[in-house]
Structures are given as C-alpha cells and as structure tokens.
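# Fold and contact review
These are the residues of each chain, in order.
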Amino acid sequence: MANLGEISVSAALNLLSAFAFLVAFAILRLQPINDRVYFPKWYRRGIRNSPRRSGVCVTRFVNLDWRTYIKFLNWMPAAFRMPELELIDHAGLDSVVYIRIYLLGLKVIGPLAVLAFLVLVPVNWKGETLEGVKNLAYNDIDKLSISNVPDGSKRFWVHIVMSYVFALWTFYVLYVEYKEVAAMRLRYLASENRRPDQFTVLVRNVPPDPDETVSEHIEHFFRVVYNANKLAKLVQKKKSLQNWYTYYFNKYERTSKRPITRTGFGGVVGTKVDAIDYYSSEIQKLSEAEALEREKVLSDPKAIVRAAFVSFKSRWAAAVCAQTQLSHNPTIWLTEWAPEPRDVYWRNLAIPYFDLTIRRLLMAIALFFLIFFFMIPIAFVQSLANIEGIEKVFPFLTPLIETKSVRSFIQGFLPGIVLKIFLILLPTILMMMSKVEGFSSCSSLDRRSAGKYHLFLLINVFLGSIITGTAFQQLKTFLHQPLTEIPKTVGESIPMKATFFITYIMVDGWAGIAAEILRLVPLVIFHLKNMFLVKTEQDREEAMDPGCLNFATYEPKIQLYFLLGLVYSAVTPVLLPFVIIFFAFSYVVFRHQVINVYAQRYESGGSFWPDVHRRLLIGLLISQLLLMGLLSTKSVEKSTIALLPLPILTIWFHVYCKGRFQSAFVRFSLQDAMTKDTLERATEPNLNLRAYLKDAYVHPVFKGRIHFESPLLVPDEENNTLVLTRRSS
C-alpha cells in the first residue's frame, strides 16, 4: 500500500501536470492563431474578431508582445468579474446553477475539513493500534484514520458526535442552497422574455379514432408532428455537398481553372471528373430525392406520429392543460410542458406509450449487466495498486517495482489513469441507452444519463473499489480467518482505501480539470480541420465548435467527490483537502469556460437541481450507513443505536425539501402565469401570437422550406366552441 511519501510523490506529479496544463493554456490562449478555440462564444455572438496585428507575417499566428506574457494568469481573476445576474443573461440559468454545485462543495466540505483536522485527526493519531495488528497492510495515512483507534475505545464517541455535527451543517448548507436556487428559478421564469414553450404543451400517445385519420383527429387544435428522420438525413447530406460545391466554385473564380475531383470516397479514389459539374449534378439528384421525401412525409398518413404540440393563447391555459389529466384513461392524451424548440429530441416523439415501458425495462436490465460486468476492469485496476500482489504473480519484476520512483508511480498514479481510460466510453454508452428509452427532450436525456452514470460510479468506482481492493490487499487474511471476521476486515478496508481515492481525485480531478481548460483535443482538431477540411467560412465556423457543458458526465463526477468527502470526513479526514482543491479549481475553470467557450444547447431553468440535491443526500446517507457498519465492527457498544437517528433525519430532510421546493421545478403556478399574461396584454395589446408561434415547433428540416398554415390556437375556456368532426356517433 502507498505510504505518505509515495502519496506526496503522486500529489507532486499531478500538481506539476496540472500546472503544466495551466501554463500551456495561459500561453496558447494568447496566440492569435488559437483565438477562435479559446474564445468561440464571443465569435459566435459577433462581438470578437480575429486579432489583427501590423508588422511581420508571423504576428498573425504568434503573439510577440512580451508584456502580455507577464500577466498570463489574469484569466483567473477575470473569471470572477462578471456578476451572477449578468452571467445568467450571458450563459443561461442552467450554466450558473451548474457552477454553483462546485461552490456548494466548498461550502460543505471546507468547514468539515477544518473541524475534522482540529478534532478527529488528533484522536485518530493517538490511537496507535495498527502497529500491533498482525498480517494487516497499512500505511502512514491509515494512522490518521479511524482504523488507528483501538476496538471498544470511548474515543469513538467523538466520531459519533462529529458525524451529527457534519450532518447538521450539510443540512443547513443544502437547505439554504435549495432555497436560493428555487428563488433564482422563479425570478428567471418571471423575468424572462416571451418564449414559445410558455404557451405550448406536448401531447403524446394520441389514441386512434375509427372515424378520422390521425391528422384529422388532432388538426383542429394541434401542430401535427411528422416523422421526418429520413428527410433530415437527406438534408444533412445535401448541406455537405453544397459546401464542397462552394469550395470548388470559389477555387475556380480565383484560378480560372476548372477543378478536378474523384467520384469515390473523400474525393481521393474513383474516376476523375469536373468537380463543379459533379457536385452540381449530385446536389440536383439530392434535391429531387429531398422533394419526393418531403412530399411523402406530408401526404402519407403513416408519417404523422401520435404526438402533437398544442399552442394556447395564454400561459394560464397552457399551465392548466400541462398539469391536468385529460382522459379517464391515464395512458392516452398524455400532456407535459413542451420543451423549448431547441431542446426537442424529434426522433423520440413517435414512440408509443407501450413501447416506452418495454424500452425502459430492457434498458434497466442492460444497465444492471453493464454495472455487474464492469467489476472485472475495476478489479484489474485495484490489482495495479497492490504491489505485493504484482510481485507474487511476476516475481522477476520485483527489483524494478521496488525502485522508489517506480513504486510511487504504480501506487500513486497508474491506477487512476487506467480507471479513467476504462471510463472514457461509458458516458456515450449511457446516453445511447437513454435515447433508446424514448425521452422527448435533450435536457431529460442528460438528466437520465446523469442518473445512470451516478449509479455506475457509486456501485463500481466507490463500492467496487472498496470490495475488490479488500479482496486483493487482504487476501491472505481472508483465507485464514473465520467467516464471522470477514465483515470486520471489510470494514477496516473503508478507511484504508483513502489512498486509492486520493490518487483518483488527483488524476481524474486535478489533471482532468486542467486538461478541460487546455482544450487540447478541440485545439488539435480545429487546426487539422483548418489545414485539410476547411473550404468555406461555414466550415470555419463549424470547426470552431465550442461544445457545451456535458451535464450527463460532469455532474455525476461531482457527486462522487461529494460522496468521498462526506464518507471520509469522519473516517480518514486527510482526504478532504484533495476534494477541496478539486472544487476550488473546478469553480474557477468552469466559470471561465461558460463565459468564454461553451455554447448553450438548451435552457431548462435549472430544472436539474432536485436531482442534484437528491444525489447529495444519497451520498450523505451512504456515509452514515458506512460509519454505522464500521463502528459495529469496532466493538463500540450502542454505536448503532446512537447513529440510527442520522439516516432517519436525512430521509426526513429530503422529504421536507422536496415538499417545500420541488414544485418550483416541475410546475408553473397559475398565479404567475396570469400575472405575465396580464402584463403582456397591457404592454402589447396588438401582439400577433399566431405569427409568433407559426414555425416554433416545426421540424427543423421543414423550416423555411415549405409553407405551413398558422397553428390553430386553443382559446381560453370561456371562448371554447364545438368543433365539427366526421364521427358518425
């Protein structure tokens, strides 16, 4: 097991790598050639232009002003200059609420670390128990943990009391934060400008009617939804060909020489042809195919899905419809608030209700097997951290492994890197599973994927590391002790796994955040595209793609660090400073990123916060249960009874917060809706809402390409009239 010196070496390596990334970023961001990579948000808004410098040609690519390098770290204070209200207008409420999660980590873990080091560390250090235990592998860090306190000692009551202090402080901070975020959301909803989703409700699983087609059944009030997935592919392919045509035509105008290309893959294989004529003919063929497919979609009754967007003349009427059961059969005419137009995931609107239940059942089973079989690489990673196990399997490597630098690298650096490699493809797999489940908005897909990823990290990375780590490190003890003593050994492994989690925080946390701001992969891709693929200005804009906050991946990782901080605050407090550094560093980096880099895919008004709050309380509950289990193996009388109120109090706190605040995130009050409607009618009496909502929820492939009749708006209930149908009964 890694000792304190080896952990120090690992910390130094990771700090140096993180510092190297920061220095590289600070230098690269000053170069004119990289300006579009590190400030794409301002370019897309038309506020920033490419740096223009007079003088030699090299200044177009390299910054030769030495004075700017003196202040190469000025991006850090600049990240704090934008006030929160201005940041909401600039980046959206979702981004601001996400950044506050890191700040919440400092508010929770910071005081916990101070109290733990002042109270618990001296108590643990004076225990002097581990030195007298035979056949137990431990290190210097373990001497600062609860494992160093002798069984049955009255000192454990200090840990019990401090666990109550930690829980109450966490409750207080979470309550204040939940209240503030709910108030921010209500202020945002009350002050935001008019948006189509405020007047629109998504209706799914429209039932079949024997006397009318689906279109006739819903066309009286609804914006019909078409299944245009195939048409979207044709439109995208045509867009690519038009880009090539523009490139070769511009080239012809510059050189007056007809460009040549090949008809095969990528224009590098196949028969040589005139490039302009070839792409012109290909575009013509695609245009004809696109017109036929569009006509088929509009005329084929089967292309109309059993879903519709309902537009109302007032927010009040939309709120009533979205929050009301429309039929005695709860499986048909399902209503929910429509996502904002850019948040709609069009591919999933056509999925029937019964199919949704089957899909989600299958994905739940698939997630179980994914988590179960991923224990194999987790166990492999744990074996890398066990020097003794490696030496037994590969004795010829013993001289090399016992070298101080190699030993420090293996135990303090290698396991975190290997685990991170195993986890690279996981978010993509989980997002695909969420799409199969059939959610209708990108925001709900992100939240669902985040839930899966959180469960995966909780079971595999946290609990899996503890269990498999115990199996590898204490294998000899397992084989020569009674079954009744195994829980005690497993309990001892919880504080002793702190060294592994410290290395994980440093590799995945510190170095990961430094790599995040460096944007090395987007930087390389941008310059490669500029060299080989950029043909038009449109290509240059696409090559500058800034990406967005990947909530489905980032938020579950934050929850893991919260969990580690809460679990080890009363067990091995020496881990807490590493968590605090991660939260502080991440807060600065992501504030910079949302100001200068990330684009906003959608705006949900911070609707994900209840999920964040619930997962934080799950982490707190797990920390309490683990402490109860650990103390039960330490011969502490009445420890379970003394700690039992804690999880009960945590569950009650969750129920209270849910009842107190969650409605602000799932419902829209009729009072606020009526207030906004009244103000709008007073300030804009001549507003043409029909024209405003005309193309809001038209499939993107139809926008600007074909004429749609204006949507029929459902009037207020006092103006409702009967609608003629073709029903015979």
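Since we're looking at a predicted model, the values are computed, not measured. Along each chain, residues carry numbers from 1 onward, in the same order as the chain's sequence is written. Totals for whole chains, interfaces and linings use every residue, but because this is a predicted model, local features are given only for residues with pLDDT of at least 70 and side-chain atom pairs only at 80 or more, for both listing and counting. Side-chain figures throughout are based on the complete set of non-hydrogen atoms in the structure, without hydrogens or water.

## Considerations on the UniProt feature "transmembrane region" (unreviewed entry) in the protein chain
The line we're drawing: UniProt positions are given in the numbering used here, feature names are shortened, and annotations may be inferred rather than shown by experiment. Helix and strand definitions here come from DSSP, where helices need a minimum of 4 consecutive H or I residues and strands a minimum of 2 consecutive E residues; each element is numbered from the N-terminal end.
Annotation from UniProt places "transmembrane region" (unreviewed entry) at residues 12-30, 101-121, 156-175, 361-385, 409-432, 453-472, 560-590 and 639-657. Measuring from the first to the last C-alpha atom of residues 101-121 gives 28 Å, for a span that is 100% helix and 0% strand.

## Section: the layout of surface pockets
Note the cut-off: Every definition here rests on a 1 Å grid over the protein atoms only: cavities are sets of points where a 1.4 Å probe fits but cannot get out, pockets are open sets enclosed by protein on both sides within 12 Å along at least five of seven lines, and lining residues have some atom within 4 Å of a point. Grid points are joined across faces, edges and corners, and a volume is the space filled by probe spheres set on the points. Classes in brief: Ala, Val, Leu, Ile, Met, Phe, Trp, Tyr, Cys and Pro nonpolar; Asp, Glu, Lys and Arg charged; the others, Gly included, polar.
Empty space within the second largest pocket amounts to approximately 1,200 Å³. In this structure, the second largest pocket is lined by 45 residues; those nearest its centre are G512, A515, E516, V521 and Y554. Of all the secondary structure elements, the ones that give two or more residues to the lining of the second largest pocket are α1 (4-28), α2 (35-38), α18 (414-422), α23 (498-518), α24 (520-532), α25 (537-543), α26 (551-569) and α27 (576-596). Looking at the lining of the second largest pocket, its residues break down into 29 nonpolar, seven polar and nine charged.

## A few points about the side chain of S604
The condition that has to hold: Each residue is assigned to one of three classes by its accessible area relative to the maximum for its type, calculated with a 1.4 Å probe on protein chains only: buried under 20%, partly exposed between the two thresholds, exposed over 50%. Every residue pair with non-hydrogen atoms within 4.5 Å of one another is taken to be in contact.
Looking at the secondary structure, you find S604 in the loop between α27 and α28 (609-632). Look at S604 and you get buried, because its relative accessible area is 16%. The contacts of S604, once residues within four sequence positions are left out, are D94, R185 and S443.

## Observations concerning empty space enclosed by the protein
According to the stated counting rule, one finds eight cavities of 30 Å³ or more in the structure shown. Within this model, the largest cavity holds a volume of roughly 260 Å³. Together, 19 residues line the largest cavity, and D94, S95, L549, F551 and Y602 are the ones closest to its centre. Looking at the lining of the largest cavity, the elements with two or more residues in it are α7 (93-125) and α20 (442-473). Classifying every residue of the lining of the largest cavity gives ten nonpolar, four polar and five charged. There is about 100 Å³ of room inside the second largest cavity. Along the walls of the second largest cavity sit S163, F166, A167, L566, V567, S569, A570, L620, S623, Q624, L627 and L646, which together make up its complete lining. Every element with two or more residues in the lining of the second largest cavity is listed here: α8 (156-191), α26 and α28. Top element by residues in the lining of the second largest cavity is α28. It accounts for four residues.

## Topic: the pairing of strand β1 (residues 200-204)
The cut-off we apply is this: Here a strand pair is declared whenever DSSP counts at least two bridges between the two strands.
With five of five residues buried, β1 is to be regarded as a mostly interior element. The two faces of β1 match: T200, L202 and R204 on one face and V201 and V203 on the other face are all buried. Strand direction decides the pairing type here: β1 and strand β6 (residues 334-337), joined by four bridges, are antiparallel. Bridge pairing in β6 places R204 opposite L334.

## Section: the nonpolar core
The test is simple: The definition of a nonpolar core used throughout is a set of buried Ala, Val, Leu, Ile, Met, Phe, Trp, Tyr and Cys residues joined through side-chain atoms within 4.5 Å. A domain assignment, automatic or from a database, supplies the domain bounds used here.
Grouped together as the largest cluster of nonpolar side chains are 132 residues, with contacts concentrated most on Y98, F462 and Y568. Broken down by element, this core gets its largest block of residues, 15 residues, from α7. The two domains that each donate at least three residues to this core are domain 1 (73-192 + 477-666) and domain 3 (353-437). With residues up to four places along the chain from it excluded, the contact list for F462 reads L457, F501, L560, L563, L564, V567, Y568, I622 and L626. In terms of nonpolar packing, the next biggest core, distinct from the first, is built from eleven residues, V201, V206, A317 and W333 among them.

## Here we look at the environment of L560
One can find L560 in helix α26. Sequence-wise, L560 and H454 are 106 residues apart; in three dimensions their C-alpha atoms are separated by 7.6 Å. For L560, the contacting residues outside a window of four places in its chain are L457, V461, F462 and Y504.

## So, the pattern of salt bridges
Convention followed: Think of a salt bridge as a Lys or Arg side-chain nitrogen and an Asp or Glu carboxyl oxygen that are within 4 Å of each other.
Applying the stated criterion across every chain yields a total of 18 salt bridges. Note that D446 and R601 form a salt bridge whose closest N and O atoms lie 3.5 Å from each other. Taken together, the residues D446 in helix α20 and R601 in the loop between α27 and α28 connect sequence positions 155 residues apart. On the basis of relative accessibility, which here comes to 40%, the residue R601 falls in the partly exposed class. One network of salt bridges, in which partners are shared, links R194, R315, D677, E680 and E684.

## Overview of the environment of S280
Topologically, S280 is positioned in helix α11 (residues 275-299). With a relative accessible area of 36%, S280 lands in the partly exposed category. Along the backbone, S280 and W244 are 36 residues apart, and their C-alpha atoms lie at a distance of 9.8 Å.

## Focus: the packing of α23 against α26
Rule in force here: Lines fitted to C-alpha atoms define the axes, with helix axes restricted to the stretch in contact, and inter-axis angles between N-to-C directions lie between 0 and 180 degrees. Crossing handedness is read from the near helix: turned anticlockwise from the far helix by less than a right angle, it gives a left-handed crossing, and turned clockwise, a right-handed one.
Two elements in contact, α23 and α26, have axes separated by 12 Å at closest approach and are oriented at 145°. In the crossing of α23 with α26, the sense of the turn from one axis to the other is left-handed. In this structure, α23 uses A498, F501, Y504, I505, D508, G509 and E516 to contact α26, whose residues at the interface are Y554, K557, L560, Y561, L564 and Y568. Residues that form the contact of α23 with α26 fall into these classes: nine nonpolar, one polar and three charged.

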